[in-house]
Amino acid sequence: MENESPSNKNHHLDSIPATREIINTLFSHKLISNEARKYGIQLLYPTHNWGFWAAKLLSILGIALILSGIIYFLTFNWDKMTPLIKFTLIQTGIIACIITSFFCVSKLIAEKFSLLSAGILVGVFLFIFGQIYQTGADSYNLFMIWALLILPWVIISKFAIFWAHWLFISNTAFMLFWIQAALPKPEADMMLFPYLILFNSLFLLLREFLCTKNTNWLQGRWTRMVLVILILALAIFPTMVFSTNPLHATYSTILATLVSIIIHIAFYFIYRYKIPDISVIAATILSVCIILESFIYETLTQLLTPKYSIIYLLIGAITPFIFTLAIIVLRTIAKKMEKTHV
Amino acid sequence: MFNLNRKITVSHLLNSWINSKLIPPSQKHQLENYILSQQFERKLPLLLEILVTIGAFIAALSFLSFFYLSKIIYHPSELLWGIIFIILGLFFAKISGDKLNTIRHSFVTQASLFTMILGKIVFVLGFSKVIGMPGEETLYGVTLAAALITVVTYPLYSIAFDRFLSTLAFFILLLNCILSEPFFGISTNTLLNLYFFIQLFLAAILLISRKINHNFIPLTYAITCSLCITTLYTIINPIIQNKTQNFNLFFINGILTISLIALITWAAGNFKKLRSEPILIASLGALLLGIISAPGIMLSLCLIILGYKKHENPLLLLGLFFIPIFIFLYYYNLDLNLLEKSFVLIGSGLILLTGRAYLAIRKLG
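Parameters at a glance
- Residues numbered from 1 in each chain as written.
- Chains lettered and ligands numbered in written order.
- Predicted model: local features only at pLDDT ≥ 70, side-chain atom pairs only at ≥ 80, totals over all residues.
- Heavy atoms only, no water.
- Helix = DSSP H or I, 4+ residues; strand = E, 2+ residues; numbered from the N terminus.
- Rg over C-alpha atoms; globule rule 2.2 N^0.38 Å.
- Buried < 20%, exposed > 50% of the residue type's maximum accessible area, 1.4 Å probe, protein only.
- Contact = heavy atoms within 4.5 Å.
- Areas by Shrake-Rupley, 256 points an atom, 1.4 Å probe, with all protein chains shown as cover.
- Patch = residues over 30% accessible without salt bridge, like charges linked within 9 Å, V, L, I, M, F, W, Y side chains within 5 Å.
- Salt bridge = Lys/Arg side-chain N within 4 Å of Asp/Glu carboxyl O.
- Buried area = accessible area lost by both parts, 1.4 Å probe.
- Phe/Tyr/Trp six-rings, centres within 6.5 Å; stacked < 30°, edge-to-face > 60°.
- Lys NZ or Arg CZ within 6 Å of the ring centre and 35° of its normal.
- Core = buried A, V, L, I, M, F, W, Y, C linked by side-chain atoms within 4.5 Å.
- Expected span 1.5 Å × (residues − 1).
- Axes fitted to C-alpha atoms, helices over the stretch in contact; angles between N-to-C directions.
- Parallel < 35°, antiparallel > 145°, perpendicular 65-115°, else oblique.
- Left-handed = near helix turned anticlockwise from the far one by under 90°.
- Nonpolar A, V, L, I, M, F, W, Y, C, P; charged D, E, K, R; others polar.

## Overview of the overall build of chain A
No. 1: When helices and strands are tallied, chain A shows 13 helices and zero strands.
No. 2: From first element to last, N terminus to C terminus, chain A shows the α and β order α-α-α-α-α-α-α-α-α-α-α-α-α.
No. 3: In terms of overall size, chain A is more extended than a compact globule, its C-alpha atoms giving a radius of gyration of 26 Å where 342 residues would be expected to give roughly 20 Å.
No. 4: By its C-alpha atoms, chain A is 70 × 65 × 35 Å across when sized along the principal axes.
No. 5: In chain A, which comprises 342 residues, the proportion classed as buried is 45%.
No. 6: The long-range fraction of contacts in chain A, counting pairs at least 24 apart against all pairs at least 6 apart in sequence, stands at 65%.
No. 7: Summing over all exposed atoms, chain A offers an accessible surface of approximately 18000 Å²; the carbon and sulfur share of this is 72%.

Structure follows, in structure tokens:
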């Protein structure tokens, strides 16, 4: 760090946002005066921001309450309304949201939440359509069509929350399709997990690619962590199923486990060397610990049943070693990352 | 969404200080190196604590199962075993050493935490059986044991998660006790009001105080979470129980209203600001919330204001998390039909948007 070239150091400092925490840490270590501390806090959090922040909160709560009121009104009058009125109301709501979004281009929050509201209302429309016409279609159809219809809006919205909403609908559509339409044979039922892992990994890759192009609206760390945690959760489950009976595992379980292993390795290499992020490494290590614990539990259960007291004793004894190793690995990685990237 | 200083980087901050002559240019290099060295240091301890805590919990529950299944621990030896494990936990913490990046430190810290968790659980079970009916736990016994063990171990055992969880567990048990069991003939209403007041008072001192010892941070967050849980429970209780509750929210409403107004004034800077138009209107809004009896919404707003003023994201996020829940529960609990509720909701939304328009007109937003 001391030997780092000035241009590299400036680049790093330009990418680190100044926070109250940094200022307070400098002050507590007597590196800056109290005057400098107060100046810094005022620079970061000027007094007039209160009004801006309160305005945003009032806007969001106000709109949410009005929308809830409309939903309650519709629910009360639902049985008395003809299908024409129901459809007209929802479609009017969608159009109103789109128009609001169009005219609020300069007011980002209003524009984005209007589009999000329109996206939600599309789902409401499809639900009512299915209810009135009783098509007998499976529920995966609703989610699939919903996801397809709002995709263009999601793309133009440049709104991370809308993308998260769309991913939720898409994943739900996929899972319901698997259960209701694909109807896999028992030996293929675990294939759902590799498909979902690949689907969500694609979006994670897209997110990372767009961030390299300085896409501001995706820069929030939560957009990465939500996808990482989802993918790891999808990876853990088939691996735990594999551990219950590895010798008689179906081909889909084996394949899902392989995909799980590949994902863990991929996360390690990408977020260790390419896009350094210690939080993702920590989540990956925790996932590995959980999988290891599961394997050990299943192995001990198969060997020692019905001596459960011995099983728990051994798990209790082994767990600290597993997590200690995890901590050592994480510390070592963090130190190496600090040297190469800071 | 509420982070408004995204565009101010460390580089910009340092240059501003130099331009304002608050730091000499020669100090810039030292500050740059220090800030860069802190970047990984800040994130890592929290991630490590999470790993240590999860591992310790798994180990503690496994050992607990082993001891009870093998009947090594049984009544009345639980109390003694609990004390032994707690002492062992403290001993491991002492011998873990100061060198953080060693296998010994990591392993011994793990061992310390899981023996401490194990010891506390066994102690609480044992103590409560001693206090109550022979061989049976009582709620009072469990609560008293939790209080005793938290008070004793808090100053001695410095792992933040343990302090937080232990304190929170005690407060939740105490709430359960107040609402479930009679206490020397004192009404549930009085006890609940007293309990809420003490929590609010402690939270106020700890949160508003400028210089708080970092050892009290877990206690602060435990009390804050407990306040949220208490408020949530008092609101949900009539829905779950489907019967008249034996307490009312009048006192809780009152002190939360006063707290919210006081907090708005504190955030504004001083009491003189209470005369300024925006602060006066905000205070009237707080009074209105008190009149319509919305304790959960007031508590969430208190947390949001505190979190924003002190720039503590956990408080801000806690407030933002609970506010939609409390708003939903408030309207759900209204004794009105759907049509009337719809008008109330739309009216409330319009009032808030009017407030938004006011801020825009006055160029405050």
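## Concerning a nonpolar patch on the surface
Residues and elements named next belong to chain A.
No. 1: Among the surface-exposed residues, I254, L255, L258, I261, I265, F269 and Y273 lie close enough to one another that they form a single nonpolar patch of about 630 Å² accessible area.
No. 2: When you line up the elements, I265 lands in helix α11 (residues 251-274).
No. 3: Here I265 falls in the partly exposed class, since its relative accessible area comes to 44%.

## Digging into the interface of chain A and chain B
No. 1: Taken together, the contact between chain A and chain B spans 83 residues of the former and 84 residues of the latter.
No. 2: Surface buried jointly by chain A and chain B totals about 8100 Å² across both partners, of which 77% is contributed by carbon and sulfur atoms.
No. 3: Area buried by chain A at its contact with chain B is led by W53, Y72 and R331 of chain A, which between them contribute 9% of it.
No. 4: If you look at where chain A meets chain B, you find zero salt bridges.

## Quick look at helix α1 (residues 10-19) of chain B
No. 1: With respect to burial, α1 of chain B is a largely interior element, seven of its ten residues being buried.
No. 2: Taken residue by residue, α1 of chain B has V10, S11, L13, L14, S16, W17 and I18 of chain B as its buried positions.

## Description of the packing of aromatic side chains
Two aromatic rings, taken as a pair, are described by how far apart their centres are and by the angle between their planes.
No. 1: For the structure on display, the rule yields 38 aromatic pairs over all chains.
No. 2: Note on Y140 of chain A and F177 of chain A: the rings are 5.3 Å apart at their centroids and 75° apart in plane angle, and the pair reads as edge-to-face. Of the two residues, Y140 of chain A sits in helix α7 (residues 139-157) while F177 of chain A sits in helix α8 (residues 160-182), which places them 37 residues apart along the sequence.
No. 3: Taking relative accessible area as the criterion, Y140 of chain A reaches 13% and is therefore assigned buried.
No. 4: Classification of F177 of chain A as partly exposed rests on a relative accessible area of 33%.
No. 5: Taking the ring centre of Y154 of chain B as reference, the NZ or CZ of R163 of chain B above it sits at 4.7 Å.

## Regarding the nonpolar core
No. 1: In this structure, I150, W166, F267, I278 and L330 of chain A are the most contacted members of the largest nonpolar core, which totals 92 residues.
No. 2: Per-element accounting of this core gives the leading share, eleven residues, to helix α2 (residues 28-69) of chain B.
No. 3: In terms of nonpolar packing, the next biggest core, distinct from the first, is built from 64 residues, A147, L260, F322 and F326 of chain B among them.

## Comments concerning the side chain of S226 of chain B
No. 1: When you line up the elements, S226 of chain B lands in helix α8 (residues 217-241).
No. 2: When residues no more than four places from it in sequence are discounted, the contact partners of S226 of chain B are L168, F171, Y195 and Q199 of chain B.

## What to know about α11 of chain A
No. 1: The first and last C-alpha atoms of α11 of chain A sit 33 Å apart over 24 residues, in line with the 34 Å expected at 1.5 Å per residue.
No. 2: All buried positions along α11 of chain A are accounted for by S252, T253, A256, T257, V259, S260, I263, H264, F267, Y271 and R272 of chain A.

## Some words on unusual backbone geometry
Residue and element names in this part refer to chain A.
No. 1: The peptide bond linking T305 to P306 adopts the cis configuration, its omega dihedral lying at 10°.
No. 2: You can see P306 is positioned in the loop between α12 (278-304) and α13 (308-341).
No. 3: Even without being glycine, L183 reaches a positive phi, approximately 40°.
No. 4: By the element assignment, L183 lies in the loop between α8 and α9 (192-212).
No. 5: With a relative accessible area of 58%, L183 lands in the exposed category.

## Section: the packing of helix α4 (residues 103-131) of chain B against helix α5 (residues 139-153) of chain B
Any two packed helices are characterised by the angle at which their axes cross and by the distance between the axes.
All names here are of chain B.
No. 1: Where α4 contacts α5, the axes come no closer than 8 Å and their chain directions differ by 140°. By the angle between their axes, α4 is oblique relative to α5. As for how α4 packs across α5, the hand of that crossing is right-handed. Residues M116, K120, F123, V124, F127, S128 and I131 of α4 form the contact with α5, whose participating residues are G141, V142, L144, A145, A146, L148, I149 and T153.
No. 2: Per-class residue counts for the contact of α4 with α5 are eleven nonpolar, three polar and one charged.

## Quick look at the pattern of salt bridges
No. 1: Inspection of the entire model under this criterion finds six salt bridges over all chains.
No. 2: We note a salt bridge from K28 of chain B to E32 of chain B, for which the minimum N-O separation is 3.8 Å. Taken together, the residues K28 of chain B and E32 of chain B, both in helix α2 and four residues apart, mark about one turn of the helix.
No. 3: By relative accessible area, E32 of chain B is classed as buried at 8%.
No. 4: Its salt-bridge partner being K120 of chain B, residue D162 of chain B comes within 2.9 Å of it at the nearest N-O pair. Of this pair, D162 of chain B sits in helix α6 (residues 160-180) while K120 of chain B is found in helix α4, placing the two residues 42 residues apart along the sequence. Neither D162 of chain B nor K120 of chain B differs from the other in exposure class; each is buried.
No. 5: Bridged by salt links that share partners, the residues R207, E208, R221, R224 and D277 of chain A form one connected network.

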